[in-house]
Structure formats: structure tokens, C-alpha cells
Amino acid sequence: MKLINLLTLRLSIIGALVFAFWATLFFFAIIDEINDEVDDSLEDHAEMIIRRSLAGEALPSEPSASNNQYYLHEVSASYAARHSHIRYEDSEVYIKAKNEFEPARTISYIYNDDRGRFFEVVVFTPTIDKADLKAAVAYWMAALYAAIVACIVAVNRRTLSRAMRPLQAILGWLDAYRLGERNRVMALATNVTEFSRLGQAISRMTKRNESLYEEQKRFVANASHEMQTPLAVIQSRLEMLLDDGQLTEQQMGEVVKALHTLKALTRTNRSLLLLCKIEGGQFKAAGRVSMGEAVGRLLPDMEMVYAHKGLAVETRTDGDMRPEMDESLATTLVANLLKNAFTHANRGGRIAVSITPQAMTVANTGQDTPLDGQRIFERFYHSTDKPASTGLGLSIVEAICRLYGMAVAYRFEDGMHVFEVKART
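In what follows, the accompanying structure is described.

The rules we used
- Residues numbered from 1 in each chain as written.
- Predicted model: local features only at pLDDT ≥ 70, side-chain atom pairs only at ≥ 80, totals over all residues.
- Heavy atoms only, no water.
- Pairing = 2+ DSSP bridges.
- Helix = DSSP H or I, 4+ residues; strand = E, 2+ residues; numbered from the N terminus.
- Axes fitted to C-alpha atoms, helices over the stretch in contact; angles between N-to-C directions.
- Contact = heavy atoms within 4.5 Å.
- Parallel < 35°, antiparallel > 145°, perpendicular 65-115°, else oblique.
- Left-handed = near helix turned anticlockwise from the far one by under 90°.
- Nonpolar A, V, L, I, M, F, W, Y, C, P; charged D, E, K, R; others polar.
- Patch = residues over 30% accessible without salt bridge, like charges linked within 9 Å, V, L, I, M, F, W, Y side chains within 5 Å.
- Areas by Shrake-Rupley, 256 points an atom, 1.4 Å probe, with all protein chains shown as cover.
- Salt bridge = Lys/Arg side-chain N within 4 Å of Asp/Glu carboxyl O.
- Lys, Arg positive; Asp, Glu negative; His and termini not counted.
- Charge placed at Lys NZ, Arg CZ, Asp CG, Glu CD.
- Buried < 20%, exposed > 50% of the residue type's maximum accessible area, 1.4 Å probe, protein only.
- Polar contact = N/O pair within 3.5 Å; in protein donor to acceptor, adjacent residues only side chain to side chain.

### Some details on the sheet that holds strand β8 (residues 407-413)
In sheet architecture, strand pairing relies on hydrogen bonds along the backbone and comes in two forms, parallel and antiparallel.
Next up, step 1: Spatial ordering of the open sheet is given by β5-β6-β7-β9-β8, a layout of 5 strands whose pairing is mixed. The open sheet terminates on both sides in strands that have one partner only, identified here as β5 (312-317) and β8. Going from strand to strand, the sheet's axes swing by 15° on average, the running direction of each strand aside.
Next up, step 2: Of the pairings in the sheet, the one linking strand β6 (residues 350-355) to strand β7 (residues 359-364) comprises 5 bridges and is antiparallel in character. Bridging from a neighbouring strand, S354 pairs with T361 of β7.
Next up, step 3: Against the sheet, helix α8 (residues 327-344) makes contact with β5, β6, β7 and β9 (416-422), and its axis sits at roughly 20° relative to β7, the strand it touches most.
Next up, step 4: Running at roughly 135° to β8, helix α9 (residues 393-403) makes contact with β8 and β9 of the sheet.

Structure, rendered in C-alpha cells:
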């Protein structure tokens, strides 16, 4: 959930709770104020009736001009003992003038005269229907709450969106950031302390990461370069031992195994050194390179090397893909894709190469299940059927494409493993 939506939801919930509490207090405050005004009028009327009754004067007729009505009757001493002598109540009473029952506010007084007799006077006046008032208050509070929520959403969309622009700028910069590449400087214009500190922390973190990354690249490059000469010397001496002819058959077998291992290590070392050079930006775009010509040069050699697998090779050209890049890297890119296809294709299988001005695809039959598309371009990732490979060929392809703004992708389609390189858009 977006931050602005989360804030809006929480503000709406808090607003609902505050409004419910406030509406309850508002309702009871209105009722209390109405009752106070009505009760004062009823008290005055009731006291006037009691005074006249005790003085033997004529009582007012019903209904009175003040809209107050009453009835007076004698009650027993036990009734007077059981009931409070002053009571305020909300009830429904019969209004003679309207011939119907209406909500009313009543006051009941119990008093006694000089002869000890007890009387009760009940004065009432029609009042508002509190149930209707409660419904009206709830309706208008709901309408007011809906209006305020709409205002909160509108204000959030405007003010919070503007306030969150620095955060959006930081997120956009992080999305575009690529370790080891030339990234634009984070332009963060804000007077919000938290956003400013966040931008500074991210800048410091990326600088540390860049420094560590550069150190790692230098270490790998230096180590790979320093290993080239010792590996070549070891390989030469092992070959001299084989040529000497004084080894037993068993010893020669062990030397041959060591040579195979050494050659694999040498290939890995050269691939790592090439990766470091690519990522270090040591290769520049020298001009337009024909991918069709590169395929035409390399494909016959591949067919000869892997002729024992009986592969059917198909090529289709609908124009030529001509990216602007270093020619040697273009050759490496094509060679690695073709070698990957020939190496992993099943015996008697099929390889299809297609070139258009926008893309080049190399597809091959092989295992019946798709590869792990999330890891296929990782360094030293080996498929289950070829654990002896260096695991760097496709990583080099991906690094070359990234260097020149191209895209490489893998998919499993119609029983074939397809690798597609798309030109820069």
C-alpha cells in the first residue's frame, strides 16, 4: 500500500472515532440544554399550581397559554413514601387538542397540605422526539464525516503528494541506480530534515558500495592477471613431461587429468579477467558491428567442432542487427551464445539462429524443462547437465549487453531454450 493511501486510511479511521465520540457528546449536550429550558418552565408552572392549590385559589384551565398541561390528584401516604417527591421524565402523553399521543417532558411533584393529605401534580409539555433527533444528528454527522473524509483525501493528494516529492525522487534515483555504472548525481531539493538525512545516508552508502566494488574488481583483475603466467608455466611443464616419454602409462594419465583441470582453470581465469575489463569500461564502441557477419564467421567452426552430435542447424536472416560496440566483444557475445547452444543441445537435436535489425536469437533443444530464468546469467551458475562448464559464458554475454545498453533474455518456448539479444531502443 502506498504511504499516502496508508496515511489517508489511518486519518479516516481516527476521524471516524473522533467524530463518533464528538457526535455522542454533542447529542447529549443538546438534549441536556433542551431539558434544562423545558424543566425550568415546568417547574415554574408546577410551583404556581401548588401555591394556588394550597391557597385555595382557582387553578388554571387546560390547556394553558404556555402550552403546559397538568393534572392534579390526591395520592396515598404509601404512594408518597415509595416515590421521589420531584421527578423529571420523558414519556408519551395524550394531547387532547390533537387527540393523539406525543413525546413529552414531565415533572411530578408530591406535596402535602396542612391537613396531612398528599397530592401529586404532574405538569407536562410536548417536546421534540428524541429518537428523531438522534437519527437526525447521526445523519448529519455521517454527512459531515463523509465531507471531511473527502476533504482529507483531496488535501492528502495535494499536500502530501507535494511533501512526498523528495521521497519519490529518492526512490526514483534508487530504481535507476546501478552498481559499477556511471549514475547521475542525486538532486534532492528539500527543507525536510528527515528527507535530507535520508538522501545523505543513501549517498554515503552508495559511495561505500562503489568503493568496495571497485576494490573487488581491482582485486579480481589483478589476481587473474597475476595468475596467467604461473598457469602458463605449469601447463608448459606438464606438456614437457608428456613429451619426455619417460612416464609410465598411469603417470601420463594423471598428468593428462591435471592438464584438463589446468586448462579449465585457465579458461575461468581468462573469463574473469574479461569480465573485469568489461565492467571496468575498458572497451569502447568502435563503430557499427554486423552480428550477421559474426555468426557467419563462427557458425561453421562450431558445426565442425560439434559435428559428432549430429545437430541440425537452421539460420534465418530478416535484415542485419548492427549495434555500435567493440568488434572483439561482438565476436565474444556471438561465440558464447553459439557455444552455449551447441554445448547444451541434445544429440541429434536442433539449433536455430535468427537475426533481425532489432534482435538476434539463438535457440537450441535440450532438457525438457525450462532453466532457472532468475539465475541463468549469474556467475558460476551451472545447469544440471553440464557441471564442468565455467559458468561464466552467459554472465559475459549479460555484461556485454549491459555495457552497450542492449538487453538479453531467456525463455523456454516450443521445447527450445531461447536466448534473445535486443538492440538498444
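### Considerations on the packing of helix α7 (residues 291-305) against α8
Next up, step 1: Running from N to C, α7 and α8 point in directions that differ by 40°, and their axes come no closer than 9 Å. The angle between α7 and α8 falls in the class oblique. Judged by the sense of rotation from one axis to the other, the crossing of α7 with α8 is right-handed. Here α7 contributes M291, A294, V295, R297, L298, L299, M302 and E303 to the contact with α8, which in turn contributes A330, T331, L333, V334, A335, L338, K339 and F342.
Next up, step 2: Taken together, the residues of the contact of α7 with α8 break down into 12 nonpolar, 1 polar and 3 charged.

### Remarks on a negative patch on the surface
Next up, step 1: Side chains of D32, E33, D36, E37, D40, D44 and E47 sit close together on the surface and give a patch of like negative charge.
Next up, step 2: Summarising the element assignment, E33 is placed in helix α1 (residues 3-55).
Next up, step 3: E33 sits in the partly exposed class, given a relative accessible area of 46%.

### Quick notes on the environment of R288
Next up, step 1: Note on placement: R288 falls in the loop between α6 (249-279) and α7.
Next up, step 2: Overall, R288 belongs to the exposed group, its relative accessible area being 54%.
Next up, step 3: Considered as a pair, R288 and E327 are 39 residues apart in the sequence and their alpha carbons are 8.3 Å apart.
Next up, step 4: Residues in contact with R288, not counting those within four places in the same chain, are R322, P323 and E324.
Next up, step 5: Among the polar contacts made by the side chain of R288, one reaches the main-chain carbonyl oxygen of R322 at a distance of 3.0 Å.

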